[in-house]
Protein chains: 2
Amino acid sequence: MKERRQRAILTLVATRPVHSQEELVALLQRQGFEVTQATVSRDVKELGLAKVPIKSDRGDEIFKYVVPSAAVNYVSRLHRW
Amino acid sequence: MKERRQRAILTLVATRPVHSQEELVALLQRQGFEVTQATVSRDVKELGLAKVPIKSDRGDEIFKYVVPSAAVNYVSRLHRW
DNA sequence: AGTGAATAATAATTCAAG
DNA sequence: CTTGAATTATTATTCACT
């Protein structure tokens, strides 16, 4: 079902760097969700996940999907408003 | 030059909704920058611009490029920490 | 280093269907 | 209303060149 899958997605992207929707598909399938890229694309959209460029460990720029609320937490920790 | 173009990009995405890199190319060309999608893709990466799903005026979800700091402003306005 | 043309890779949407 | 297969659209990268 959609809700469980979307929860799983939020947990996944909060837990580790997810670089593409295909990677997300693979991770979800490992957890037993039968899902395709088309659906993940829709989930990403509904969840409002952003694709952002980040610095990798080796210094080069890569991409990662992030939860909007993660940005909030990050920012609040930075500024302590 | 790269720096001027990237400044222009930041201004553009802060000023209005930019939905794709091709749109960015068109807007830049209007300002006299000769640039292609390949370069804009690299600029987006260097600037750390995120592609995020947003609600359009008509209620449907579309995509938009945003500056990370724009997320900060948005969030701070939401929460008034 | 910075870029564009071409290409590969990735992501969004359409179309049909349950 | 939700989904997958196929398709289209978009974006990232490669390769050559400067």
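Rules behind the numbers
- Residues numbered from 1 in each chain as written.
- Chains lettered and ligands numbered in written order.
- Predicted model: local features only at pLDDT ≥ 70, side-chain atom pairs only at ≥ 80, totals over all residues.
- Heavy atoms only, no water.
- Core = buried A, V, L, I, M, F, W, Y, C linked by side-chain atoms within 4.5 Å.
- Buried < 20%, exposed > 50% of the residue type's maximum accessible area, 1.4 Å probe, protein only.
- Helix = DSSP H or I, 4+ residues; strand = E, 2+ residues; numbered from the N terminus.
- Contact = heavy atoms within 4.5 Å.
- Pairing = 2+ DSSP bridges.
- Near = heavy atom within 4 Å.
- Polar contact = N/O pair within 3.5 Å; in protein donor to acceptor, adjacent residues only side chain to side chain.
- Nonpolar A, V, L, I, M, F, W, Y, C, P; charged D, E, K, R; others polar.
- Arc of directions from axis to C-beta.
- pLDDT = per-residue confidence, 0-100.

Student: Sorry if this is basic, but what is going on with the nonpolar core here?
Tutor: Across soluble globular proteins, you tend to see nonpolar side chains buried next to one another. Membership of the largest hydrophobic core comes to 17 residues, with the highest contact counts inside it found for I9, V13, L24, L28, V40, V44 and L49 of chain A. Of all the elements in the fold, those that place two or more residues in this core are α1 (2-15), α2 (21-30) and α3 (37-47) of chain A. Those residues within four positions of L28 of chain A in sequence are excluded, and the remaining contacts are R5, A8, I9, L12, F33, V35 and V40 of chain A. Counting residues in each nonpolar core, the second largest holds 16 residues, with L12, V13, Y65 and V67 of chain B among its members.

Student: Please clarify how the pairing of strand β1 (residues 50-55) of chain B should be interpreted in this entry.
Tutor: Regular strands place side chains that alternate from one sheet face to the opposite one. Residues and elements named next belong to chain B. Inspection of the sheet shows β1 paired to strand β2 (residues 61-66) by six bridges, in the antiparallel sense. Each residue of the ladder has a partner; that of P53, found in β2, is F63. Linking two consecutive strands that pair antiparallel, namely β1 and β2, is a turn of five residues; a positive phi of about 90° is found at G59 within it.

Student: Just to check I follow, could you spell out the protein's contact with DNA strand D for this structure?
Tutor: The full set close to DNA strand D counts 18 residues, and T39 and R42 of chain A together with Q21, R42 and K45 of chain B are the nearest of them. In DNA strand D, atoms within 4 Å of the protein come 60% from sugar and phosphate. Contacts to DNA strand D include R42 of chain A, whose side-chain N or O atom sits 2.6 Å from a base oxygen. Contact between DNA strand D and K51 of chain B: a phosphate oxygen at 3.3 Å from a side-chain N or O atom of the residue. When contributions to the surface near DNA strand D are tallied by element, the ones reaching two or more residues are α1 and α3 of chain A together with α3 (37-47) of chain B. The greatest single-element share of the surface near DNA strand D, amounting to five residues, is contributed by α3 of chain B. Partitioned by chemical class, the residues of the surface near DNA strand D number five nonpolar, six polar and seven charged.

Student: What is the right way to read α3 of chain B from this model?
Tutor: Since the α-helix turns once every 3.6 residues, residues separated by three or four places project in the same direction. Those residues of α3 of chain B that fall on the buried side of the exposure criterion are V40, D43 and V44 of chain B. The buried side chains of α3 of chain B occupy one side of the element, clustering within an arc of 100° when seen end-on. In this structure, the buried side of α3 of chain B is in contact with β1 (50-55) of chain A together with α1 (2-15), α2 (21-30) and β2 of chain B. One or two residues past the end of α3 of chain B sits G48 of chain B, with phi positive at roughly 75°.

Student: For this particular structure, what's the right way to read the protein's contact with DNA strand C?
Tutor: With respect to spatial proximity, 19 residues lie near DNA strand C, and among them Q21, R42 and K45 of chain A together with R5 and T39 of chain B are the closest. Taking the atoms of DNA strand C that fall within 4 Å of the protein, sugar and phosphate contribute 63% of them. Between a phosphate oxygen of DNA strand C and a side-chain N or O atom of K45 of chain A, the distance comes to 2.5 Å. Of all the elements in the fold, those that place two or more residues in the surface near DNA strand C are α2 and α3 of chain A together with α1 and α3 of chain B.

Student: What is the right way to read the confidence of the model for chain A from this model?
Tutor: Per-residue confidence for chain A gives a mean pLDDT of 87; residues scoring 70 or more make up 84%. Ignoring residues within four places in sequence, the model shows residues 77-81 of chain A, a span with pLDDT below 50, making four contacts including any to other chains.

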